Amino acid sequence: MQTFPDLYRGLTGCCLKTYSQVGFRGLYKGTSPALIANMAENSVLFMCSGFCQQVVWKVVGLEKQARLSTVWSVMKSVLRKDGALGFYHGLSSTLLREVPGYFLFFGGSELSRSFFFASGRSKDELGPVPLMLSGGVGGICLWLAVYPVDCVKSRIQVLSMSGKQAGFIGTFISIVKNEGITALYSGLKPTMIRAFPANGALFLAYEYSRKLMMSQFEAY
């Protein structure tokens, strides 16, 4: 919906058309590389978040708060056409999205968590529902702020396959000029529907994994 906004009539039409053409499995095409990328991204993301929190605590003097192509065929196609650099199309746009996006992600989730442990409890004592709600709020904050940038990034990645990639500024201007500002928000609804449960589950998995590893570490 981001890259071909005129092809579908909204979320339902996109789902039905995909299902009619390639079946239910078509909705999961690309899952393997997405899972691998997200495992790597989120491990680095939360590690950096922990380091940044420690730096902030020290700076401000606060104590710590309690039939489609397969993956391999696509990779070979990219290497054959553009070489190794082909995997980095849209990198600057991605960075432009990630830095402010995750600032708002962690800011929104921490602010949300503060409502649950304001009664004197530590945030480490929060149950699964508050954790999922906090993560969901963080995900909504992230995507509402950076969605236009993500849309431009997706266009750059798709257009690069035909050799028409014009960089972030050029692509942004082209979209606004030819399709209007609303084209930058095409596909926002399914992204919002996905963001809340996905980021809620992410936060829950992170917190419980952290607690498990910390308990194992203390046991030794």
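Before going into details, it helps to say that this report is about the structure given with it. It should be emphasised that the depicted structure is a prediction, and the values quoted were computed from it without experimental measurement. (Residues numbered from 1 in each chain as written. Predicted model: local features only at pLDDT ≥ 70, side-chain atom pairs only at ≥ 80, totals over all residues. Heavy atoms only, no water.)

## A short note on the overall build of the protein chain
Along its length, the protein chain carries 7 helices and 0 strands. Relative to its 220 residues, the protein chain shows a buried fraction of 30%. With an accessible surface of roughly 14300 Å², the protein chain has 67% of that area assigned to carbon and sulfur atoms. (Helix = DSSP H or I, 4+ residues; strand = E, 2+ residues; numbered from the N terminus. Buried < 20%, exposed > 50% of the residue type's maximum accessible area, 1.4 Å probe, protein only. Areas by Shrake-Rupley, 256 points an atom, 1.4 Å probe, with all protein chains shown as cover.)

## So, the packing of helix 5 (residues 128-159) against helix 6 (residues 167-179)
Direction vectors running N to C along helix 5 and helix 6 enclose 105°, while the axes themselves pass 9 Å from each other. Comparing the axis directions of helix 5 and helix 6 gives the class roughly perpendicular. Residues Val-149, Val-152, Arg-155 and Ile-156 of helix 5 form the contact with helix 6, whose own contacting residues are Gly-167, Phe-168, Thr-171, Phe-172, Ile-175 and Glu-179. Of the residues belonging to the contact of helix 5 with helix 6, the class tally is 6 nonpolar, 2 polar and 2 charged. (Axes fitted to C-alpha atoms, helices over the stretch in contact; angles between N-to-C directions. Parallel < 35°, antiparallel > 145°, perpendicular 65-115°, else oblique. Contact = heavy atoms within 4.5 Å. Nonpolar A, V, L, I, M, F, W, Y, C, P; charged D, E, K, R; others polar.)

## Observations concerning the environment of Leu-111
By secondary structure assignment, the location of Leu-111 is in helix 4 (residues 91-116). The exposure class assigned to Leu-111 is exposed, which follows from its relative accessible area of 53%. Taking the C-alpha atoms as reference, Leu-111 lies 9.2 Å from Val-137; in sequence the two are 26 residues apart.

## Some thoughts on a nonpolar patch on the surface
On the surface, Trp-72, Met-75, Leu-79, Leu-85, Phe-87, Tyr-88, Leu-91 and Leu-95 cluster together to form a nonpolar patch covering roughly 860 Å² of accessible area. Mapped by element, the contributors of at least two residues to the nonpolar patch are helix 3 (71-82) and helix 4. Here the nonpolar patch takes 3 residues from helix 3, the largest share from any one element. With respect to the helices and strands, the residue Leu-85 is situated in the loop between helix 3 and helix 4. (Patch = residues over 30% accessible without salt bridge, like charges linked within 9 Å, V, L, I, M, F, W, Y side chains within 5 Å. Salt bridge = Lys/Arg side-chain N within 4 Å of Asp/Glu carboxyl O.)

## A few points about the nonpolar core
Core analysis: the largest hydrophobic core is formed by 13 residues, its most contacted members being Phe-46, Tyr-102, Phe-105, Phe-106, Leu-142, Trp-143 and Phe-203. Elements with a minimum of two residues in this core: helix 2 (31-60), helix 4, helix 5 and helix 7 (188-219). The contacts of Tyr-102, once residues within four sequence positions are left out, are Glu-41, Leu-45 and Leu-142. Core analysis: the second largest hydrophobic core is formed by 7 residues, Val-149, Val-152, Phe-168 and Ile-175 among them. (Core = buried A, V, L, I, M, F, W, Y, C linked by side-chain atoms within 4.5 Å.)

## Quick word on the packing of helix 4 against helix 5
Where helix 4 meets helix 5, the axes come as close as 7 Å, and the angle between the chain directions of the two elements is 165°. In terms of their interaxial angle, helix 4 and helix 5 are classed as roughly antiparallel. Like other packed secondary-structure pairs, helix 4 and helix 5 cross with a definite hand, here right-handed. For the contact of helix 4 with helix 5, the residue count by class is 17 nonpolar, 10 polar and 4 charged. (Left-handed = near helix turned anticlockwise from the far one by under 90°.)

## Focus on the side chain of Glu-207
Looking at the element boundaries, Glu-207 is found in helix 7. Separated by 2.9 Å, the side chains of Glu-207 and Arg-113 make a polar contact. In contact with Glu-207, other than residues within four places in its own chain, are Arg-113 and Leu-131. (Polar contact = N/O pair within 3.5 Å; in protein donor to acceptor, adjacent residues only side chain to side chain.)

## Some points on helix 1 (residues 10-22)
Between the first and last C-alpha of helix 1 there are 18 Å, a value that for 13 residues agrees with the 18 Å anticipated at 1.5 Å per step. Just downstream of helix 1, Gly-23 is the residue with a positive phi angle, here 85°. (Expected span 1.5 Å × (residues − 1).)

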